[in-house]
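Structural description and commentary
The chain contents come next:
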Amino acid sequence: MKLSILSVFALALSASAGPAGSGFELVGYGKDNPIGPTTGGAGKDGKTVTVSTVDEFLKAINGSSPTTIYAKGKFNFTARPRVGSNKSLIGVGKGAEITGAGLTIANSTNVIVRNFVIRAIVDNDAITISNSSRVWIDHNEFTSGNFPAAGPDAFDGQVDIIRASDWITVSWNYFHDHWKSSLIGNNDKFRDIDLGHLHVTYHHNYWRNEGTRGPAGRFGHQHIYNNLYEDFLYQAIHSRSDNQVLVEGNIFSGKTREALSTYGLVIPEDSPNTGPNGDYELDGFANLGASKLAFFFCQFLTVCLENDFGKATVNITQVGNFTQAPYKYKLTTLKKLEKVVKKGAGLGKI
Ligand SMILES: *[C@@H]1O[C@H](CO)[C@@H](O)[C@H](O)[C@H]1NC(C)=O
Ligand SMILES: *[C@@H]1O[C@H](CO)[C@@H](O)[C@H](O)[C@H]1NC(C)=O
Ligand SMILES: *[C@@H]1O[C@H](CO)[C@@H](O)[C@H](O)[C@H]1NC(C)=O
Ligand SMILES: *[C@@H]1O[C@H](CO)[C@@H](O)[C@H](O)[C@H]1NC(C)=O
Ligand SMILES: *[C@@H]1O[C@H](CO)[C@@H](O)[C@H](O)[C@H]1NC(C)=O
Ligand SMILES: *[C@@H]1O[C@H](CO)[C@@H](O)[C@H](O)[C@H]1NC(C)=O
Ligand SMILES: *[C@@H]1O[C@H](CO)[C@@H](O)[C@H](O)[C@H]1NC(C)=O
């Protein structure tokens, strides 16, 4: 089924997914998109299991039958678990822990990951989302420690989204003490595969003491609103290779060199080992949400579209046409944002 932008709007007004009443319902591209909301293991055929060992975990995520998997305790994997379609993976209580190897969501659809801490995945990503659609990464914690002393390549991304993955929401996560956070589209050679996909919503995430890629996108569209960045040291939001970002109501505080850039240069601090002078690609696009329609509604709200970039620089070389997100969402005011994000993001909140 193909929907026009207008019918996506209608859908946004009528559909409701996620646990009602928690205040942490699914919002954004993971919910409102042309192929349907992310529901994970829910639905009339959905079953529920609780797992507490690596073997039980691996068995439960296999295949595509709808399953809600409650994970209890610590899971130290020796190889990357591949999460099948129609799965809700939920850490129990104050959160379940993943170490050893991170999650791969590849060739899958309809996957939810909530309430996990994923620690120090050596030489690889905490979560890789590849060739997959409808994914919701919510209320997790991602950290490696020893930042920046460990250097840029000891670990890889925290949530990397590649190979034409689409219709994803990354919300209320706590990302900290790690170099490379979230890369969307991992190579400019994949233009033909990626272009027109990679629609991701990032909202109410708390980034603290991180290096780069908060997020860095190629070829897609990312709506980045109401995130809190503290000491995000090098380059935070980076849009290049014709990528488009819509950036609204975010706060940057502490030390951040560049809050937002569409210049195709990745600054050298991103990968000092591979590109001592930085590496170049085509520029991307950025909008700060100043569409006429948005302005019209914003005059009735206390604060709406502004970002607080703090002392960080902003380099928008091309203003794009991604002026408005095609779904309903509610902005937290800048005045309340720090408190709301620190209180709501991370483990043990759902
Ligand atoms: C997953 O399922 C396939 C077949 O359905 C089976 O061959 C494989 O061993 C299973 N893997 C795990 C980890 O259970
Ligand atoms: C995970 O298991 C490996 C051995 O496979 C071990 O070296 C490592 O210390 C374990 N990590 C944790 C956090 O238990
Ligand atoms: C689960 O996912 C598959 C894709 O692998 C999809 O085709 C199927 O319809 C889904 N099953 C249910 C019962 O929702
Ligand atoms: C995804 O599908 C492709 C093509 O069938 C295959 O090469 C690849 O191994 C699959 N990825 C995983 C993690 O199974
Ligand atoms: C993408 O995933 C689908 C299954 O959803 C598979 O049929 C296809 O081969 C995969 N493509 C690639 C390039 O891995
Ligand atoms: C901003 O982008 C322009 C290219 O359009 C570049 O010449 C300039 O050096 C950039 N500024 C910074 C501070 O990186
Ligand atoms: C938005 O801008 C991009 C990049 O210039 C262009 O490819 C695309 O066609 C434009 N979309 C619309 C709807 O104008």
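Residues numbered from 1 in each chain as written. Chains lettered and ligands numbered in written order. Predicted model: local features only at pLDDT ≥ 70, side-chain atom pairs only at ≥ 80, totals over all residues. Heavy atoms only, no water.

The protein appears in an unreviewed UniProt entry as Polysaccharide lyase family 1 protein from Cucurbitaria berberidis CBS 394.84. Per UniProt, the protein has the following entry under Subcellular location (unreviewed entry): "Secreted". (UniProt positions renumbered as here; feature names shortened; annotations may be inferred.)

1. Some thoughts on the overall build of the protein
Assigned secondary structure in the protein consists of 5 helices and 25 strands. Expressed as a percentage of the 350 residues in the protein, the buried residues total 58%. Within the protein, counting contacts between residues at least 6 apart in sequence, those at least 24 apart form 63% of the total. Just so you have it, the protein exposes about 14,500 Å², and 55% of that area is on carbon and sulfur atoms. (Helix = DSSP H or I, 4+ residues; strand = E, 2+ residues; numbered from the N terminus. Buried < 20%, exposed > 50% of the residue type's maximum accessible area, 1.4 Å probe, protein only. Contact = heavy atoms within 4.5 Å. Areas by Shrake-Rupley, 256 points an atom, 1.4 Å probe, with all protein chains shown as cover.)

2. Focus on the pattern of salt bridges
In total, this model carries 10 salt bridges according to the counting rule given. Residue R208 pairs with D177 through a salt bridge whose shortest N-O separation is 3.1 Å. Of this pair, R208 sits in strand β17 (residues 206-212) while D177 sits in strand β14 (residues 174-180); the two residues are 31 residues apart in sequence, bridging distant segments of the chain. E338 is paired through a salt bridge with K342; the nearest N and O atoms lie 2.8 Å apart. Taken together, the residues span about one helical turn, with E338 and K342 both in helix α5 (residues 334-344) at a distance of 4 residues. (Salt bridge = Lys/Arg side-chain N within 4 Å of Asp/Glu carboxyl O.)

3. Some remarks on the site of ligand 3
Near ligand 3 you find S64, P66, S85, N86 and T109, and these make up its full shell. The contact in question runs from an oxygen atom of ligand 3 to an N or O atom on the side chain of S85, over 3.3 Å. One of the side-chain N or O atoms of N86 is found 2.4 Å from an oxygen atom in ligand 3. For the shell around ligand 3, the class distribution of residues is 1 nonpolar, 4 polar and no charged. (Near = heavy atom within 4 Å. Polar contact = N/O pair within 3.5 Å; in protein donor to acceptor, adjacent residues only side chain to side chain. Nonpolar A, V, L, I, M, F, W, Y, C, P; charged D, E, K, R; others polar.)

4. Quick look at the environment of V27
For V27, the location among the structural elements is in the loop between α1 (5-14) and β1 (47-51). Sequence-wise, V27 and I168 are 141 residues apart; in three dimensions their C-alpha atoms are separated by 9.8 Å. Setting aside chain neighbours within four positions, we find V27 in contact with T169, T201, H203, Y225, K328 and Y329.

5. Thoughts on the site of ligand 7
Around ligand 7 sit Q244, F285 and N321, and that is every residue in its neighbourhood. Within the side chain of N321, a nitrogen or oxygen atom sits 2.4 Å from an oxygen atom of ligand 7. Protein chains bury 26% of the 360 Å² of accessible surface belonging to ligand 7 in isolation.

6. Comments concerning the pairing of strand β21 (residues 244-248)
For β21, the tally of buried residues reaches 5 of 5 residues, placing the bulk of the element in the interior. Burial along β21 is two-sided: the residues Q244, L246 and E248 and V245 and V247 are all buried. Relative to β21, strand β19 (residues 221-225) is paired through 5 bridges, and the arrangement is parallel. Directly across from H221, in β21, lies its bridge partner Q244. The sheet contact formed by β21 and strand β24 (residues 285-287) spans 3 bridges and is parallel. (Pairing = 2+ DSSP bridges.)

7. Some words on the sheet that holds β24
With respect to topology, 10 strands assemble into an open sheet ordered β1-β2-β4-β7-β10-β13-β16-β19-β21-β24, the strand pairing being parallel. Of all the strands in the sheet, just β1 and β24 have a single pairing partner and so form its edges. Neighbour-to-neighbour, the strand axes of this sheet turn through a mean angle of 10°, independent of strand direction. The pairing of strand β13 (residues 166-171) with strand β16 (residues 199-203) spans 4 bridges and is parallel. Bridge assignment links I168 to a residue of β16, and that residue is V200. Contacts from helix α2 (residues 54-61) reach β1, β2 (67-71) and β4 (87-91) within the one sheet, and its direction differs from that of β1 by about 160°. (Axes fitted to C-alpha atoms, helices over the stretch in contact; angles between N-to-C directions.)

8. Quick word on the nonpolar core
Counting residues in hydrophobic clusters, the biggest one holds 49 residues, and the most contacted among them are F57, I137 and I161. In terms of residue count, strand β20 (residues 228-240) provides more of this core than any other element does, 4 residues in total. Setting aside residues no more than four positions away along its own chain, I161 makes contact with I129, I168, V170, L183, I184, G185, L198, V200 and Y202. By size, the runner-up hydrophobic cluster in this structure holds 10 residues, among which are Y174, Y206, L228 and V341. (Core = buried A, V, L, I, M, F, W, Y, C linked by side-chain atoms within 4.5 Å.)

9. Notes on the environment of F75
Looking at the secondary structure, you find F75 in strand β3 (residues 74-76). A relative accessible area of 0% places F75 in the buried class. It is 8.2 Å that separates the C-alpha atoms of F75 and G100, two residues lying 25 residues apart in sequence. In this structure F75 touches V51, S52, T53, V54, F57, A96, E97, I98 and T99, once residues within four positions along its chain are discounted.

10. Concerning α2
Among all positions of α2, only F57, A60 and I61 are buried. Projected down its long axis, α2 shows its buried positions confined to an angular sector of 90°, all on one face. For α2, the exposed residues set more than 90 degrees away from the buried face come down to D55 and K59. Count one or two residues on from α2 and you reach G63, which has phi positive near 75°. (Arc of directions from axis to C-beta.)

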